[in-house]
Amino acid sequence: MGLEWEVQVRFPSDTPVAGIELNPWVRVNYKGSYVSPPNYALQFAWYREFSTLPKCVEDYVAFQDHASRDSSMTIYGGGLNQEKHGLLNSEGLKIVDGEGKTWIQVGSSRTYTPSEDDINSSLRLVSVAIDDMGIKMSINVFVTTPVIRLPRPYPRHMIVFCSLRKLRNPKCIATPFKEESFRVLSYNILADLYTVSGAYTHCPNWALTWEYRRRNLLNEILSYDADILCLQEVQSDHFKNFFESEFAKVGYSAIYKRKTKEVEYDKMALPVIEVLEPDKRNDGLFRLMKDNVALVVILEEKDNGRSQDAARSTICVANTHIHRGSDASDVRLFQVVNLIRGLEKIDSSGIPILICGDMNSLPGSDPHRFLINGEVGCFSEKFRDPLGIHKHLKLSHSMHLACAYAHLLDSNEVGQHQKGKMDYQAMEPLFTCFKPSLTGTLDYILYSKNRLKVDGLLKLLDYDSLEKRLLPSPLWSSDHVALMANFRVKRASRGVQYLSPPPDPWEQQNKQTDV
């Protein structure tokens, strides 16, 4: 019976990384088919290659071996000899394989997280299928390339603008006062589903695995110590199974909105489609009914021990990811305009506004000019609107919005090295996205400049900071870079009694879009 079944084992990468969980795909099939046995159990044993070389020599040999190996895993076939494979024995057991290599057992579950002790050593996974009678059906032995060390993170520090606080703090310490400011992070973390398309062949496969990227992303995000996190491209299963619990451990409460065909921008599209000419409505449905969403919340300042009668500041934070399509400039403008229409009603209540997200719009594009200038004016040469959608949009707004990073060029406290990472004409970073298909700025943190003040900014990256690599890379696990800003509510806006914003600022808009 052992010859009829086979255990198949696959790893997402050929290179284990210390500290990153290994979670192999394991399946038992009838040979030559996808038929699985009715009842079986799997048992596992992990081993580390045992070396008696001095550590310095071992490091050199392992480096040479890793540099010259083929990218595929090595799979050793074998019979069901329990003594030969050392199956299911206690950790610390040593075995010798058919090639004379010695292995020491380090684990006995399906998953295994390599430790510092495993660095430069190959790992060996023995998987055994056992039927309901306790008879061994098949065995698979899988050997990895040597475990490598987790890349050392590149620190990104805050630029703190001191001039506004010199009267109270002449020395102007480098860390902003928490009671005076709050910190907001915006980051498109690159959904895992987009990494399998072959678009990132420049990145080593081990650095593209979700197990590696999720840990690297989490470590990076938490290192910024932001008060508010606005993340884009977070898959629902990754939020439920990883991010929600990991963020909760350090005190974050999370609100999640999944992309769907039934909410947010799609709801706003229907009234516009209805006023199109009849022969254009089907095209309008196809063009405007995208699955992009915006998540808008109103937050109130914690009391932090102050009296119950003391007024607390309130802010509105919007997080969005606008449609990407290269020929969809009209769709992007439509989505941005409709987002602002609702936020404008909240703004009229006196509440400061923050807008974070991946706008998929370069500086100087029509959506960008609409946000910053309050109107579009003349459309750019690249603007395409085959259905005349812009005719049914209000292409102006009364909000006083500014991009946080423009403050780098306005400040005398910022050196030329950082200013050199800015586009002087657009007053935006040279790039927030650095991938094979595009290098440019798509991500923004916008704020109500009449109610909020920029108190600090996260330093920008340049080509050297990225180790001359496209994104994602082993060091940076997204094709975008994080943006972060410290804000203070201006004194005139602190503790004021705001008017109550409408329960659904976008509800009336759906009925009156032809303006």
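One structure accompanies this document, and this report is about it. Small disclaimer: the values here were computed from a predicted structure and weren't measured.

## Some remarks on the overall build of the protein
Then step 1. What the protein contains, in helices and strands, is 11 helices and 22 strands.
Then step 2. Across the 515 residues of the protein, 52% fall into the buried class.
Then step 3. Put simply, of all contacts in the protein between residues at least 6 apart along the chain, 75% involve residues at least 24 apart.

## A word on the packing of aromatic side chains
Then step 1. This model, assessed by the stated rule, comprises 16 aromatic pairs.
Then step 2. Between Phe379 and Phe383, the ring centres sit 4.4 Å apart and the planes meet at 10 degrees, which makes this aromatic pair stacked.
Then step 3. Relative accessible area serves as the criterion here: at 11%, Phe383 is assigned to the buried category.
Then step 4. In this structure, Arg10 is placed above the aromatic ring of Trp25, and the distance from its NZ or CZ to the ring centre is 4.5 Å.
Then step 5. Positioned over the ring face of Phe50 is Lys94, at 4.0 Å from the centre of the ring.

## Considerations on the nonpolar core
Then step 1. Formed by 57 residues in total, the largest nonpolar core has its most connected members in Phe182, Leu354, Leu408 and Phe487.
Then step 2. Top element by residues in this core is strand β22 (residues 483-489). It accounts for five residues.
Then step 3. For Phe182, the residues in contact, after removing those within four places along its chain, are Asp227, Ile228, Ile315, Leu354, Leu452, Ala485, Asn486, Phe487 and Val489.
Then step 4. Formed by 37 residues, the second largest nonpolar core is a distinct cluster that contains Ala269, Ile273, Phe383 and Ile389.

## Some details on the pattern of salt bridges
Then step 1. For the structure shown, the criterion picks out 13 salt bridges.
Then step 2. Put simply, Asp330 and Arg287 hold a salt bridge, and the shortest N to O gap is 2.6 Å. Taken as a pair, Asp330 in helix α8 (residues 329-347) and Arg287 in helix α7 (residues 281-288) lie far apart in primary sequence, 43 residues in all.
Then step 3. Overall, the relative accessible area of 17% leaves Arg287 in the buried class.

## Considerations on the environment of Ala129
Then step 1. Structurally, Ala129 can be placed in strand β7 (residues 123-131).
Then step 2. By relative accessible area, which is 0% here, Ala129 ends up buried.
Then step 3. The sequence separation of Ala129 and Val7 amounts to 122 residues, and the corresponding C-alpha distance is 6.8 Å.
Then step 4. Once residues lying within four places of it in the same chain are set aside, the contact partners of Ala129 are Val7, Val28, Ala41, Leu42, Ile135, Lys136, Met137 and Ser138.

## Focus: the side chain of Thr320
Then step 1. Summarising the element assignment, Thr320 is placed in strand β13 (residues 314-321).
Then step 2. Among the residues examined, Thr320 registers a relative accessible area of 2% and is labelled buried.
Then step 3. Only 3.1 Å separates the side chain of Thr320 from the backbone oxygen of Val293, close enough to count as a polar contact.

## Focus on empty space enclosed by the protein
Then step 1. If you walk through the whole model with that rule in mind, you get three cavities of 30 Å³ or more.
Then step 2. Computed from the structure, the largest cavity encloses a volume of approximately 110 Å³.
Then step 3. Ser13, Thr15, Glu21, Leu22 and Thr209 are, among the 14 residues lining the largest cavity, the residues nearest its centre.

Basis of the calculations
Residues numbered from 1 in each chain as written. Predicted model: local features only at pLDDT ≥ 70, side-chain atom pairs only at ≥ 80, totals over all residues. Heavy atoms only, no water. Helix = DSSP H or I, 4+ residues; strand = E, 2+ residues; numbered from the N terminus. Buried < 20%, exposed > 50% of the residue type's maximum accessible area, 1.4 Å probe, protein only. Contact = heavy atoms within 4.5 Å. Phe/Tyr/Trp six-rings, centres within 6.5 Å; stacked < 30°, edge-to-face > 60°. Lys NZ or Arg CZ within 6 Å of the ring centre and 35° of its normal. Core = buried A, V, L, I, M, F, W, Y, C linked by side-chain atoms within 4.5 Å. Salt bridge = Lys/Arg side-chain N within 4 Å of Asp/Glu carboxyl O. Polar contact = N/O pair within 3.5 Å; in protein donor to acceptor, adjacent residues only side chain to side chain. 1 Å grid on protein atoms, 1.4 Å probe; cavity = no way out; pocket = protein on both sides within 12 Å on 5 of 7 lines; lining within 4 Å. Points joined across faces, edges and corners; volume = space filled by probe spheres on them.

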